[in-house]
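Structural overview
Here is how the chains run, residue by residue.
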Amino acid sequence: MADSTTTATNPVDDDSELKRSITGRLLFFYTLGDVLGSGIYVLIGLVAAAVGGAFWIAFALGVTVAAITGAAYAELVTKYPRAAGASLYVNQAFGSRPLTFLITVSFLAASMAASGSLATGFASYFAELWSGPPALLVSLVFVALLVVVNYIGITESVVINMVMTFVEAAGLVIVMVIGIVFIVQGNADFGVLTQIDTGGDYSSPALAVLAGISFSFFAMTGFENTVNVAEETIEPYKAFPRSLVGGMLVAGLVYVLVSMAAALTVPTDTLAESDAALLEVVKAGILPFSTDLMATIFSIIALVAITNTTLVTIVTQPRILYGMAREDVVPGIFAKIHPVRRSPWVGLLFSGVVVGLLLVIGTLVTEAGGGIDLVGRLATVTVVLLLAIYALVIVSCLKLRGQDEHEEIFRANTPLLVLGLVGNLAILGFTVYDDPHSLIWCAGLLGVGLVLFLAEHFFGSRGTGARTPDLEGA
Amino acid sequence: MHVIVATDGSRQSLAAAKHLTSFADPAKITDVSVVAVIRPLASVAFADDLSEGTWPAAGSFREAAESAVETIAAVFDGWGPTVHKRIRSGSAANEIIKAAQQYDAGLVVVAAGGRGLSDSVLVGSTAQRVQHYAPCPVLVVRPKPRKPRKA
């Protein structure tokens, strides 16, 4: 509270034990829930297709790079405990407004693409329960519902958050249990785990694994949203390193075990062709329960997992818009707060509409024969944008060494950070090389930010963001 | 008597604080606690629509809450009772109720911002929950009926 605006003569009363509400444990589950839901339910099929039976290696390497990036975040968040995250760190390190704007808009775009990918994944699992409505409709209704839920404020419940994370983990535990039962039954062929498929799109094993890391990397993202609660975390110096790095390592372990279980129990081809690949593991009928029942339960768990992660992305978008509106970078309307609900309803609605458009356009392009499916496409867009941000965050972390230091700050290992930087750039390079079309999508999403900026620049009035919003009948 | 004046950073909460001073007897009130609650998992954890001044560059919601509390506390300057400024973190209604218990409050003052559909259709507004579960009397200050807007 050193930088508190309160004057020394009139301090805010000290209820220190009540001041902050996010404990280290909550933060850990928040990280874990955010990471686990994004991807493994959605993307495991794509990764299996790229690598072959040994696709667990891709998850292991990907999560290592992400955990190192998490360490850089942990160092920076203990230095600058604010919700703004990457854009704040880059601003501190480079002090360049255009660069800060680019990073903020990139992060917003990544978050929107992630919501789109997750919503499409939601529709795939939903189709297992009820295949009546078209996937596009399901994903649009899903996004609309989350916008409403966020508007009402149900998402703010820490308890609901915890429960969803447990449900999410339970789904992955089911997959692991199936794997263990399968091994105990003596049916497992461990040779699968070392098979790298070089007959497909990628001629060398290294390329195939790199492709796998690139496709699986979406499953590693989400940890950066943890800084959302930075200001409200008790003892952030201890809590952030533990939950960011620890959470990623636990997530990594879960991913590796789940991918091994999936590879052992289901032929790689079947995984590769499935829209809801982990469901194939449950459908393999290894546990002595009705396959239909298990498949239903598992689908519901997957839906909860995806919902949990999507909620966090949909909470983040209006927050970014709010911050930018207050700084006069985008139109002031995004700083409008609903008088009763206290939610930034314009930003929320806008985010919902952009994600909806993304889903509609994506579906049309895919139906017109635009290559890979929508889940993968939007996941790739997210990954491209986030990898660039992650790389810059690591650079900022190194550049800010020696500034704003004090004893309690967590210090990430420097050689590891350099390794993480190289890792992020390698995956970024490969992703762009492998799928150059993703850049068009990135540019399109960044264009949304540019349009908002120009709208404020030409039509907005200076200083409105910082000024108190107009009084509406109060 | 200890009175809790809750603020969510809205204009209406400022109106509520002023309303209290318009009729209450400061001689019977020993303490006023101005309480703001930051909601860590919300999109905007705290929005200060009250205070003039600039948005902190780092986007600190805690600073926004502090400035809102300052603005509300200023209403009670020179009124009599000792003024405490308190910032809590968590769910708004829960924290206000907990504060009322903890400080052994004799009255909680909250604003009810809505007069429209969203307040009556969607259950669970903060003011409603505080009314239901507070350990002491609750003053809910509602907005005046809408008047034609002045130019």
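Counting starts from 1 at the beginning of each chain's written sequence and moves along it residue by residue. Key to labels: chains lettered from A, ligands numbered from 1, both in the order written. Only residues with pLDDT of 70 or above have their local features reported here, since the model is predicted, and side-chain atom pairs are shown and tallied only from 80 upward, although totals for entire chains, interfaces and linings are computed over all residues. Water and hydrogen atoms play no part in the side-chain values, which are based on all heavy atoms of the structure.

This part takes up the overall build of chain A. The way it works is that DSSP assigns letters per residue, a run of H or I at least four long becomes a helix, a run of E at least two long becomes a strand, and they are numbered from the N terminus. For chain A, the count of helices and strands is 17 helices and zero strands. The buried label goes to any residue with under 20% of its type's maximum accessible area, the exposed label to any with over 50%, and the partly exposed label to all in between, with areas taken from a 1.4 Å probe on protein chains only. For chain A, buried positions account for 57% of its 474 residues. The contacts of chain A with a sequence gap of at least 6 include a subset with a gap of at least 24, amounting to 81%. Looking at chain A as shown, the accessible area adds up to about 18,300 Å², and 67% of this sits on carbon and sulfur atoms. Two residues qualify as a contact provided that any one of their heavy atoms is within 4.5 Å of a heavy atom in the partner residue. Note that accessible areas follow from Shrake-Rupley with a 1.4 Å probe, and for residues the cover is restricted to the protein chains shown.

Take the packing of aromatic side chains next. In summary, the pairing rule links any two rings of Phe, Tyr or Trp, Trp by its six-membered ring, whose centres are within 6.5 Å, and it sorts them by plane angle into stacked for under 30 degrees, edge-to-face for over 60 and tilted for everything else. Inspection of the entire model under this criterion finds 16 aromatic pairs over all chains. Here Phe29(A) and Phe166(A) contribute two aromatic rings whose centre-to-centre distance is 5.1 Å and whose plane-to-plane angle is 45°, an arrangement assigned as tilted. Of the two residues, Phe29(A) sits in helix H2 (residues 24–37) while Phe166(A) sits in helix H8 (residues 158–184), which places them 137 residues apart along the sequence. Judged by its relative accessible area of 47%, Phe166(A) is partly exposed. These aromatic residues form a ring-pair network of at least three members: Tyr73(A), Tyr89(A), Phe217(A), Phe223(A) and Tyr390(A). One Lys or Arg, Lys399(A), reaches over the ring of Phe94(A) and ends 5.1 Å from the middle of that ring. Lying over the aromatic face of Tyr103(B), Arg86(B) brings its terminal NZ or CZ to 3.8 Å of the ring centre. Lysine and arginine charges are scored as sitting over a ring when NZ or CZ, respectively, is within 6 Å of the ring centre and within 35 degrees of the ring normal.

Residues and elements named next belong to chain B. The buried fraction of strand E2 (residues 31–38) is high, at eight of eight residues. Residues Asp31, Ser33, Val35 and Val37 of E2 are buried on one face, and the alternating residues Val32, Val34, Ala36 and Ile38, pointing to the opposite face, are buried as well. In this fold, strand E1 (residues 2–7) hands off to helix H1 (residues 11–23), which returns the chain to E2; that crossover is right-handed. Taken together, the eight bridges between E2 and strand E3 (residues 82–89) define a ladder with parallel strand orientation. Across the sheet, residue Ala36 finds its bridge partner in E3, namely Ile87. Here the term right-handed applies to a crossover when the path leading from its first strand over the helix to its second strand runs clockwise, the strands being oriented away from the viewer. One requirement defines pairing of two strands: DSSP has to find at least two bridges between them.

Time to look at the nonpolar core. Note on soluble globular proteins: their nonpolar side chains tend to be buried together. Ranked by size, the top nonpolar core spans 192 residues in total, and within it Tyr41(A), Phe55(A), Tyr73(A), Tyr125(A), Leu278(A) and Leu20(B) carry the most contacts. The element contributing the most residues to this core is helix H15 (residues 374–399) of chain A, with 17 residues. Those residues in contact with Tyr73(A) that lie beyond four places of it in its chain are Ala86(A), Tyr89(A), Phe223(A), Glu224(A), Val227(A), Leu244(A), Ile389(A), Tyr390(A) and Val393(A). Ile4(B), Ala99(B), Val108(B) and Cys136(B) belong to the second largest nonpolar core, which has 18 residues in total. Buried residues of nine kinds, namely Ala, Val, Leu, Ile, Met, Phe, Trp, Tyr and Cys, make up a nonpolar core once their side-chain atoms join them within 4.5 Å.

Take the packing of helix H6 (residues 97–129) of chain A against helix H14 (residues 345–367) of chain A next. Residues and elements named next belong to chain A. Each axis is a line fitted through C-alpha atoms, taken for helices only over the stretch in contact, and angles between the N-to-C directions span 0 to 180 degrees. Packing of H6 against H14 brings their axes to within 9 Å, and their N-to-C directions diverge by 60°. It follows that H6 is oblique to H14 by the angle criterion. Helix-helix and strand crossings are classified by hand; for H6 and H14 the assignment is right-handed. In this structure, H6 uses Met112, Ala113, Ser115, Gly116, Ala119 and Thr120 to contact H14, whose residues at the interface are Phe350, Ser351, Val354, Val355, Leu358 and Leu359. As a working rule, the residues Ala, Val, Leu, Ile, Met, Phe, Trp, Tyr, Cys and Pro are called nonpolar, Asp, Glu, Lys and Arg charged, and the rest polar, with Gly in that last group. Its residues placed into classes, the contact of H6 with H14 shows eight nonpolar, four polar and no charged. Orientation is classified from the angle alone, with under 35 degrees giving roughly parallel, over 145 giving roughly antiparallel, 65 to 115 giving roughly perpendicular, and any other angle giving oblique. Crossing handedness follows the turn of the near helix against the far one: under a right angle anticlockwise gives a left-handed crossing, and clockwise gives a right-handed one.

The next subject is the pattern of salt bridges. A pair is scored as a salt bridge if a Lys or Arg side-chain nitrogen falls within 4 Å of a carboxyl oxygen belonging to Asp or Glu. Throughout the structure, instances matching the rule amount to 14 salt bridges over all chains. Two residues, Arg342(A) and Asp8(B), come together in a salt bridge whose shortest N-O distance is 4.0 Å. With Arg342(A) in the loop between helix H13 (291–326) and H14 and Asp8(B) in the loop between E1 and H1, this residue pair bridges two chains. A relative accessible area of 6% means that Arg342(A) is categorised as buried. On the basis of relative accessible area, Asp8(B) is assigned to the partly exposed category, the value being 27%. A salt bridge links Glu95(B) to Arg88(B); the shortest N-O distance between them is 2.9 Å. Through salt bridges that share partners, Lys79(A), Glu405(A) and Arg411(A) make up one connected network.

A few words on the confidence of the model for chain A. Residue and element names in this part refer to chain A. The share of residues in chain A with pLDDT of 70 or more is 92%, and the mean pLDDT across the chain is 85. Each residue carries a pLDDT score, the predictor's confidence in it, ranging from 0 to 100. No element of chain A has a lower mean pLDDT than helix H1 (residues 16–19), at 51, and none a higher one than helix H16 (residues 414–434), at 95. The low-confidence segment residues 1–11 (pLDDT under 50) makes 15 contacts with residues lying over four places distant or belonging to another chain. Here residues 466–474 is modelled with pLDDT under 50, and outside its nearest four sequence neighbours on either side it reaches 18 contacts, counting other chains as well.

On to the sheet that holds strand E4 (residues 107–111) of chain B. All names here are of chain B. The five strands are arranged E3-E2-E1-E4-E5 in an open sheet whose pairing can be described as parallel. The open sheet terminates on both sides in strands that have one partner only, identified here as E3 and strand E5 (138–141). Neighbour-to-neighbour, the strand axes of the sheet open up by a mean angle of 20°, direction not taken into account. Pairing of E4 with E5 involves four bridges; the strand directions are parallel. Note on E5: the bridge partner recorded for Ala111 is Val141. Sheet strands in contact with helix H2 (residues 61–75) are E1, E2 and E3, and its direction is about 155° off that of E3.

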